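Residue-level structural notes
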Amino acid sequence: MAVRPLLEVRGVDKSFGAVQVLRDVAMNVFPGEVTALVGDNGAGKSTLVKCISGIYPIDAGQVVFDGRPVTVSSPKDAAALGIEVVYQDLALCDNLDIVSNMFLGREKRSGIALDEATMEQMAHRTLASLSVRSVSLRQPAASLSGGERQTIAIAKAVLWNSRVVILDEPTAALGVAQTAQVLELVRRLADNGLGVVLISHNMNDVFAVSDRITALYLGRTAAQVRTSEVTHSQVVELITVGYTGSIGLLPDPGSYEGMGGRS
Amino acid sequence: MRAAPTQDEVRRQNLGALLRWVHLHGATSRAELTSLLGLNRSTIGALTADLAAARLVAEDTPKGLRRAGRPSLVVRPQSASVYAYAVSIEVDRLRAARVGLGGVVLDRRELPRPRGVQILETVAPLAGFVREMHRRVPAGAIYVGGGVSVAGMVRREDGLVRLSPHIGWVDEPIGIALAAELGGDQPMTVGNHADVAALAEHARGAAAGCDNVLYLYGDVGIGGGIIAGGRRVTGHGGYGGEVGHMVVNPHGKPCGCGSRGCWETEIGEAALLTAAGRAGATGRDAILAVVDAAERGDTTARNALRQVGDWLGFGVANLVNIFNPEAVLFGGTLRDVYLAAAAHVRSRLNEMALPATREHVRLRTPALGDDATLIGAAELAFERLLADPLDAAGSPVPPPR
């Protein structure tokens, strides 16, 4: 089964002034799979996502999309490739309804007027493909619950025939029932053929829906593993010390492990 | 020696295949059916005409397509007027639905069921639901039969519920009792929750397209629906798949079935609630309260979920080694337990199951949710129609209005 990754990050470096935030980072995202991106606070998850989505330029390394090296120098470039990011703050406009939110900034027009009918149809089709039935299209965003807001933000990302969707902590701050629904939605995105990146601190969320796990440790890729090959405690070790057994960034045998790590 | 199939048999087979396709996949153009079923265009035309004459399917011109050439007619199931009744007898509630061809729930009724209610007491309200729904059925609609989903062991031969420890039944002919109460001519087909839910998820849910599926249904007890090589595995008498009574801990707690250390004594509702210090509480809300407490940092609740998740993974690992399924679905309250304890379920599975049997297994929650038992129960009834569409369409007599 040699499925080609949809998105490959190879040897990416990124510094802010003197601080090197990413060093030789690698990550593969496959179509039809959820890749969990895990790491401690400050490990570089958000920076990596911003490099992939064109917000930060990379200093070195390569982003390969669908087998072609690409330069993503703005979020527009990322969107043109089919890479969408759903950030934690969800950025929905409370005074606009669901359809307007989903098309915000990318409205369909017929002549000089907005093509409401087409937009409504597309929004409806997208929500139906994700089995979302609990909301009405003309409902203002202000009336949505946290879980529904997350759902609409995800649906908005899927609307554009996107191929890779990156979700930053989609279940943070949700109640139990809504967390379950959002996790099922994340899984459905991948089962529909998208490449999904799930950033999460919650190991149950990671193990519940992911096929692969990429662990970052202090700005480096500690390991890329299949979820069917590791245990909870191994992943926790990758996150906290960068290696587990023979997997990961093995400590230099000459030095005391942990001594120079967080300088 | 068996002779070659007669023309009638071939036609019946083809009618069934076409009807089954649109029943499972919805509206499909004649052109697509031609290639999907491997029949020629005129055969598809003739079969569609027969099914349309029997009012089982309808044909429309497709909407919104702007392509050159004459558009191929779209064949769709007559979901609004071809229907079955589905009844689901659960630990905490009684449900009934009218389900249209294509698996569409057209109407539904629900009643909470206090624990300990006996069979005679469930037949009357369930029959009442069916009669109520029946009064609203449009004239000329076609009734194809009824199905019952029960949390208990069901004898295949006649639908007798043999043992349902948590409902408190022993040897109850629920299918016959319901039909008698309704005054219909045919007993309703009875199936076990997990089997029936597996059937529904396999037909049109999270396991569509998978030939090897394990559906684990949890409430007070744990049931298993097994599909192997595309077929339901129910055993000699229909009692197979009782994974909840797989002994996992010989020194464990006594089980309602009389044995000790059954899987459900480690992962059932009572196991989680007792471990969370909430012995005596019951039902899904109590389970969700534990998940919620764990989420908020309650260490007792967290440890309870960890422990139950670990045992859940233990049993799944054994089953994955035996059946090598493509998908394992967690239904009923196991959905919530799985999502909240997935790290422990997966870790135990990864430690215990053979690499070859576990590497491609997908752990999933059901796509149909709680409707799976209703849709699956209706599926039991549709099965007769799909086996011989033109015969079954005429035969069962609906309950009197």
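Keep in mind it's a predicted model, so treat the numbers as computed, not measured. (Residues numbered from 1 in each chain as written. Chains lettered and ligands numbered in written order. Predicted model: local features only at pLDDT ≥ 70, side-chain atom pairs only at ≥ 80, totals over all residues. Heavy atoms only, no water.)

This part takes up the interface of chain B and chain A. Listed by partner, the interface residues are 23 residues for chain B and 19 residues for chain A. Run the count over chain B and chain A and you get two salt bridges. The partner of aspartate 191 of chain A in a salt bridge is arginine 364 of chain B, with the nearest N and O atoms 3.0 Å apart. For the side of chain B that touches chain A, the elements supplying multiple residues, two or more each, are α9 (284-295), α11 (334-352) and β16 (362-364) of chain B. In terms of residue count, the dominant contributor to the side of chain B that touches chain A is α11 of chain B (twelve residues). (Contact = heavy atoms within 4.5 Å. Salt bridge = Lys/Arg side-chain N within 4 Å of Asp/Glu carboxyl O. Helix = DSSP H or I, 4+ residues; strand = E, 2+ residues; numbered from the N terminus.)

By the element assignment, asparagine 204 of chain A lies in helix α7 (residues 203-209). Take asparagine 204 of chain A: its relative accessible area is 17%, and that puts it in the buried class. When sequence neighbours within four positions are dropped, the list of residues in contact with asparagine 204 of chain A reads Leu339, Ala340, Ala341, Ala342, Ala343 and His344 of chain B. (Buried < 20%, exposed > 50% of the residue type's maximum accessible area, 1.4 Å probe, protein only.)

Residue and element names in this part refer to chain B. Compared with an ideal rise of 1.5 Å per residue, which puts 17 residues at 24 Å, helix α13 (residues 371-387) spans 24 Å between its outermost C-alpha atoms and is within 8% of the ideal. The largest bend along α13 measures about 35 degrees and falls at alanine 381. Of all 17 residues making up α13, 14 are buried, and the element is well covered by its neighbours. (Expected span 1.5 Å × (residues − 1). Bend = angle between axes of the 7 residues up to and from the residue.)

Residues and elements named next belong to chain B. Domain parsing of chain B yields domain 1 (7-77), domain 2 (82-195 + 371-392) and domain 3 (210-364). On the domain 2 side, the residues contacting the 14 residues of domain 1 number 15 residues. Between domain 1 and domain 2, a total of about 1,300 Å² is buried, with carbon and sulfur atoms accounting for 67% of that surface. The largest contributions to the domain 1 side of the interface with domain 2 come from Arg20, His23 and Leu56, which together make up 45% of the buried area. The interface formed by domain 1 and domain 2 holds two salt bridges in total. Across the salt bridge formed by glutamate 383 and arginine 20, the nearest N and O atoms sit 2.9 Å from each other. (Domains from an automatic or database assignment. Buried area = accessible area lost by both parts, 1.4 Å probe.)

It is worth spelling out the nonpolar core at this point. Grouped together as the largest cluster of nonpolar side chains are 97 residues, with contacts concentrated most on Leu216, Trp263 and Phe330 of chain B. Among the nonpolar cores identified, the runner-up in size contains 29 residues, and Val75, Ala86, Val99 and Leu380 of chain B belong to it. (Core = buried A, V, L, I, M, F, W, Y, C linked by side-chain atoms within 4.5 Å.)

Our focus in this paragraph is the pairing of strand β15 (residues 327-332) of chain B. Here is the key point about a regular strand: its side chains alternate between the two faces of the sheet. Residue and element names in this part refer to chain B. Burial of β15 is extensive: six of the six residues sit out of reach of the surface. Bridge count between strand β12 (residues 213-218) and β15: six bridges; the pairing is parallel. Within the sheet, the bridge partner assigned to tyrosine 215 lies in β15 and is leucine 329. In the sheet, β15 pairs with β16 via three bridges, with the strands oriented parallel. Residue pairing in the sheet places alanine 327 in a bridge with arginine 362 of β16. (Pairing = 2+ DSSP bridges.)

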